[in-house]
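Here is how the chains run, residue by residue.
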2 protein chains.
Amino acid sequence: MMPAGGGEARGQALATLEVIMHGMLTEPRVAGWIEGASEQPLDPWQSANLREMARSYRQATCMPADLVERQRLATSRCEQAWRRYRAENNWQAMAPLLQEVVTLAREEAAVRADASGLSRYDALLDTYEPGMTCARLDPLFGDLKAFLPGLLDEVLARQAAGPLLTPEGSFSIEEQRQLGLEIMRTLGFDFEHGRLDVSHHPFCGGVPSDVRITTRYRNDEFLAALMGVIHETGHALYEQGLPANWRQQPVGQALSMAMHESQSLLMEMQACRSRDFLHYLTPHLQKAFAAADPASPAWQEDNLHRLFTRVKRGYIRVDADEVSYPLHVILRYELERDLMEGRMEVTEIPEAWDQRMQQYLGLSTAGNYTDGCLQDVHWPAGLFGYFPTYTLGAMTAAQLFATARTDIPELPRQLAGGNFCALLGWLRDKVHGQGKLLDYDGLMTRATGSPLQARYFRDHLQQRYLDAR
Amino acid sequence: MMPAGGGEARGQALATLEVIMHGMLTEPRVAGWIEGASEQPLDPWQSANLREMARSYRQATCMPADLVERQRLATSRCEQAWRRYRAENNWQAMAPLLQEVVTLAREEAAVRADASGLSRYDALLDTYEPGMTCARLDPLFGDLKAFLPGLLDEVLARQAAGPLLTPEGSFSIEEQRQLGLEIMRTLGFDFEHGRLDVSHHPFCGGVPSDVRITTRYRNDEFLAALMGVIHETGHALYEQGLPANWRQQPVGQALSMAMHESQSLLMEMQACRSRDFLHYLTPHLQKAFAAADPASPAWQEDNLHRLFTRVKRGYIRVDADEVSYPLHVILRYELERDLMEGRMEVTEIPEAWDQRMQQYLGLSTAGNYTDGCLQDVHWPAGLFGYFPTYTLGAMTAAQLFATARTDIPELPRQLAGGNFCALLGWLRDKVHGQGKLLDYDGLMTRATGSPLQARYFRDHLQQRYLDAR
């Protein structure tokens, strides 16, 4: 809601708060408090809370202030330049700036590796996804790589045969907003503790008692805005369901980035793109828009389901469907891991990118940096170790949803009736209300009977894209 | 924009920031810094900045923490109870709670008097209006008391003779909002650095680069919301015009509460209720509302001007017109001054209130506490010394506007054309851009050639309500 001219003062205020928080967190006496507390008798929540405090303290204190400052300068310069050079397809100009950021990220990785005893890339991974390592990722991603390219070919061949009609017309923002609010209510969003607004990029922010989500609207298309609302509502439900007794304590926060993404993808990909939910949604879509023609083939459930599950080969990760998305992520994971471990240099990125794009997605990005290795802001912003969380989230969503379907036999019928109560209750119990009490595989084992596996995700894709009529 | 359930977490966050700020401000070494800086060669802005820092430091350090805490508890209890007992007209139940707040306010007054060398009430007054004292207020308010009751009688007699038609219809919120935005633009509000929103009580908040103002709407009446927007725009223009070089420094802030109120009242009462501006506004009003009938007598400039300048005797301060408003304020000033100086007790309030209401406004509040001494939240909230700033603001607005009219001979014609550029430029130079560089009378003397006087306000009322045709 902020006017454009307010950004600078807001940025300054946030930076000031950051400095004050960092100062409080890294006070030397905090180490003594943590040590003293660890000798007390603690219940499991208190003990997990202390573990998270110690983790925050370790992560905040191990980084030298001058490295943080050099990173801030280098990434802000690189991000700025990226906006221009991506548009200009100018890898030559971008490379030295990215080199600077990579050098500093390697320095950070070395510092964090020293402090934690992890390998360099694992130490970075750990800042986004506690406990996650290459040793765990490589087999998970290896499983995906083994079947995804082939499955993608099959799905594309199958979909090429079927017709697809695009619902056309002008969809007013107010119509789209009302539809979004209605679906948020259906999913269980608590409007006493949150809002829906508009922004350039959809996001979910705020605090558990005031969760703000946003989407963006286009007049000629409603699906992207609607799926944005559903995705962010998944994030919001997690926040609204965090353990109320531990508000403002580390253990009361969401478990990790991948678990957060699993909650948005569970709602968006597992529940709301399902045939069951489409059955509920179709008449609501027909009613929501003046431009909708309930008699037209484009507005029938069958066609809408084809629209909701359309798969396409593409260059751009953020536009990718759920079948090809993990391949975009694995490509990035392999490159950034090798960059951080010193097995690859910045100058080798474009070729490595092109080679893997051909191998995984059958597309070449030779000479096309804009839609190739310059498409994401993550590396220019200094984020190495972040990409894997997207696909860990997708796999987690599949495993959780498959288990929920077993635990709640009536779930398909409930979704077909727009009833999310049992599903939300299940998620509150298994995920939201757990905060950071357990570690990732601990939570997954309690919720689903086993640690994270790739097979639930494969089964989901197989069932939705190949087995279904 | 906050959902209802977000209030508690926001309150906690603000309280935490308050504690951190207070801790930083009252660190003992700050005294040494202030002393050291005062020995440096300083230019007038630096010197005023240091004076304001010393003032903040003095005010923050003189109050014992336990008194602040006892006040917080007592006022929060009393404010809570006030909502109920005001509605129930229950003075008996209210009196002991108010007594507690008054006792603590007297304690605060004594502490501040000791620290500043001022009398008790003056020491409280000084926290809202630096440098203001009873010795200065008594003659100013004495002047007003000398002519206002008589003038009020005259105006009422005169207006009783003229007809007044109320523009009727349903005025949609969107129509009212668009009109408000248009008038804000006309007055010079910078939408790159601010917004208009909705709230229960109109206010102006934020920071100079992001000024948020609000109003509230009714469907059956548009004048209150529109004048609310104009009033808050006056406040906002002050904030947006503060000296950019001194952002986030004490000297870069608005001079005082009274000066702030003068800027809202200058726009609302002096400029926008003038016959000149009504000439500009009338066709815009006729165009803004589907319910407006440009042919109806109710929608003619003459009638709208009567509507904009209607005077009525009433019990309630916040509903009062500009003629009777100061009498409401003087009544409260005299009572709270005597309460703080120990010349009056809480039990005597209702009788003293009734007696002055009869004397100043010709109305009795005997037995009617709801519309009498229980009508305002200020005393239950522990605010003693705040009321005078409203009327100081009204007088200041009249004196500034009279001078602007002399300095800008074309001003009436400009306002009749909806052109506020010269007026805003004058205010930027004389008031907004000065921050806290000068003291109140210093600013007034630079801007108008003399310290604050009551005669400009009297001349304004005389001219608008009695001399004009």
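Small disclaimer: the values here were computed from a predicted structure and weren't measured.

J.: Which parts of the structure should I look at to understand helix H17 (residues 421-430) of chain A?
T.: Count 3.6 residues to each turn of an α-helix, and residues three or four apart come out pointing the same way. Residues and elements named next belong to chain A. Listing the buried residues of H17 in full gives Leu 423, Leu 424, Trp 426, Leu 427 and Lys 430. Along H17, the residues classed as buried sweep out an arc of 160° about the axis, all on the same side. Contact partners of the buried residues in H17: helix H8 (173-187), helix H9 (223-240), helix H10 (257-271), helix H15 (388-407), helix H16 (411-416) and helix H18 (440-448).

J.: Teacher, can you tell me more about the pairing of strand S2 (residues 204-207) of chain A here?
T.: Successive residues of a regular strand alternate their side chains across the two faces of the sheet. All names here are of chain A. Of the pairings in the sheet, the one linking S2 to strand S3 (residues 210-215) comprises 4 bridges and is antiparallel in character. Its bridge partner lying in S3, Val 207 is registered against Asp 210. Linking S2 to S3, which pair antiparallel, is a turn of 2 residues.

J.: It is not clear to me how helix H13 (residues 325-340) of chain A should be interpreted in this structure. Could you clarify?
T.: All names here are of chain A. Here H13 spans 23 Å end to end across 16 residues, near enough to the 22 Å set by a 1.5 Å rise per residue. Extensive coverage of H13 is indicated by the burial of 16 of its 16 residues. Phi for Gly 342, located one or two positions after H13, is positive at around 80°.

J.: Before we go on, may I ask you to explain the sheet that holds strand S1 (residues 194-198) of chain A in this structure?
T.: Within a beta sheet, neighbouring strands are joined by backbone hydrogen bonds and run either parallel or antiparallel to one another. All names here are of chain A. Pairing is mixed across the open sheet formed by 3 strands, whose spatial order is S1-S3-S2. Single-partner strands in this sheet number two, and they are S1 and S2. Taken pair by pair, the neighbouring strands of this sheet meet at an average axis angle of 20°, ignoring direction. Of the strands in this sheet, S1, S2 and S3 touch H9, which is tilted by about 165° from S3.

J.: I keep staring at the state of the cysteines and nothing clicks. Help me out?
T.: Defined simply, a disulfide is a covalent bond joining two cysteines at their sulfur atoms. Residues and elements named next belong to chain B. For the structure shown, the criterion picks out 0 disulfides over all chains. Among the cysteines around Cys 134, which has no disulfide bond, Cys 62 carries the closest sulfur, lying 18 Å off. We note that Cys 373 lacks a disulfide partner, and the nearest cysteine sulfur, in Cys 78, lies 12 Å from it.

J.: Help me out: how do you make sense of the sheet that holds strand S1 (residues 194-198) of chain B in this one?
T.: All names here are of chain B. Pairing within the open sheet is mixed, and its 3 strands lie in the order S1-S3-S2. Two strands in the sheet have a free side with no partner beyond their single neighbour: S1 and strand S2 (204-207). Ignoring which end each strand starts from, the neighbouring axes of this sheet average 20° apart. With 5 bridges joining them, S1 and strand S3 (residues 210-215) adopt parallel strand pairing. Bridge pairing in S3 places Leu 196 opposite Ile 213. Seen against the sheet, helix H9 (residues 223-240) touches S1, S2 and S3 and runs at an angle of roughly 165° to S3.

J.: Would you take a moment to explain the relation of the copies chain B and chain A for this structure?
T.: Two copies of one chain are present, and they are related through a rotation about an axis combined with an axial shift. Rotating chain B by 180° about the axis while translating it 0.0 Å along that axis superimposes it on chain A, leaving an RMSD of 0.0 Å. The transformation just described matches what one would write down for a two-fold rotation axis. Most of the interface of chain B is mirrored in chain A, where 100% of its interface residues are also at the interface.

J.: Is there a simple way to think about the packing of H13 of chain A against helix H14 (residues 349-361) of chain A in this case?
T.: Any two packed helices are characterised by how steeply their axes cross, that is the angle between the axes, and by the distance between the axes. All names here are of chain A. Put simply, H13 and H14 touch, their axes get as near as 10 Å, and they point 150° apart. When the axes of H13 and H14 are compared, the crossing they make is right-handed. Here Leu 327, His 328, Ile 330, Leu 331, Arg 332, Glu 334, Leu 335 and Leu 339 of H13 come into contact with H14, specifically with Ile 349, Ala 352, Trp 353, Arg 356, Met 357, Tyr 360 and Leu 361.

J.: Any chance you could explain a nonpolar patch on the surface here in plain terms?
T.: The grouping of Leu 14, Leu 17 and Met 21 of chain A together with Leu 14, Leu 17 and Met 21 of chain B at the surface amounts to a nonpolar patch, some 560 Å² of accessible area in total. Among the secondary structure elements, those contributing two or more residues to the nonpolar patch are helix H1 (7-25) of chain A together with helix H1 (7-25) of chain B. In this fold, Leu 14 of chain B is placed in helix H1.

J.: Sorry if this is basic, but what is going on with the packing of aromatic side chains here?
T.: The way to describe two aromatic rings as a pair is by their centre distance and the angle between their planes. Scanning the model with the defined rule gives 40 aromatic pairs over all chains in all. Geometrically, the ring pair formed by Phe 277 of chain A and Phe 420 of chain A is edge-to-face, given 5.6 Å between the ring centres and 80° between the ring planes. Placement of Phe 277 of chain A in helix H11 (residues 275-288) and of Phe 420 of chain A in the loop between H16 and H17 is noted, with a sequence separation of 143 residues between them. There is no split in this pair, since Phe 277 of chain A and Phe 420 of chain A are both buried. An aromatic cluster of at least three residues, connected via ring pairs, comprises Tyr 128, Tyr 325, Trp 353, Trp 379, Phe 384, Tyr 386, Phe 387 and Tyr 390 of chain A. Looking at Arg 455 of chain B, its charged tip hangs above the ring of Tyr 456 of chain B, at a distance of 4.4 Å from the centre.

J.: In this structure, what is going on with the interface of chain B and chain A? I would like to understand it.
T.: A common way to report how large an interface is uses the accessible area buried once the components associate. The partner chain A presents 21 residues to the 21 residues of chain B that form the contact. Buried area between chain B and chain A, both sides added, is near 1500 Å², and the carbon and sulfur share of it is 58%. When the buried surface of chain B facing chain A is broken down by residue, Met 1, Pro 3 and Gly 5 of chain B rank first, second and third, together holding 31% of it. There are 0 salt bridges connecting chain B and chain A.

J.: Looking at this structure, I do not really get the nonpolar core. What am I missing?
T.: Note on soluble globular proteins: their nonpolar side chains tend to be buried together. With 124 residues, the main nonpolar core has Ile 349 and Leu 423 of chain B as its most contacted residues. Take this core: its biggest share by element is 11 residues, from helix H7 (residues 134-161) of chain B. Once residues within four sequence positions are removed from consideration, Ile 349 of chain B is found in contact with Trp 91, Leu 98, Leu 335, Leu 339, Met 344, Cys 373 and Trp 379 of chain B. Core analysis: the next-biggest nonpolar cluster, separate from the first, contains 122 residues, Tyr 280, Phe 289, Leu 427 and Leu 443 of chain A among them.

Definitions and limits used
Residues numbered from 1 in each chain as written. Chains lettered and ligands numbered in written order. Predicted model: local features only at pLDDT ≥ 70, side-chain atom pairs only at ≥ 80, totals over all residues. Heavy atoms only, no water. Buried < 20%, exposed > 50% of the residue type's maximum accessible area, 1.4 Å probe, protein only. Helix = DSSP H or I, 4+ residues; strand = E, 2+ residues; numbered from the N terminus. Arc of directions from axis to C-beta. Contact = heavy atoms within 4.5 Å. Pairing = 2+ DSSP bridges. Expected span 1.5 Å × (residues − 1). Axes fitted to C-alpha atoms, helices over the stretch in contact; angles between N-to-C directions. Disulfide = S-S within 2.5 Å. Least-squares fit on C-alpha atoms with pLDDT ≥ 70 in both. Left-handed = near helix turned anticlockwise from the far one by under 90°. Patch = residues over 30% accessible without salt bridge, like charges linked within 9 Å, V, L, I, M, F, W, Y side chains within 5 Å. Areas by Shrake-Rupley, 256 points an atom, 1.4 Å probe, with all protein chains shown as cover. Salt bridge = Lys/Arg side-chain N within 4 Å of Asp/Glu carboxyl O. Phe/Tyr/Trp six-rings, centres within 6.5 Å; stacked < 30°, edge-to-face > 60°. Lys NZ or Arg CZ within 6 Å of the ring centre and 35° of its normal. Buried area = accessible area lost by both parts, 1.4 Å probe. Core = buried A, V, L, I, M, F, W, Y, C linked by side-chain atoms within 4.5 Å.

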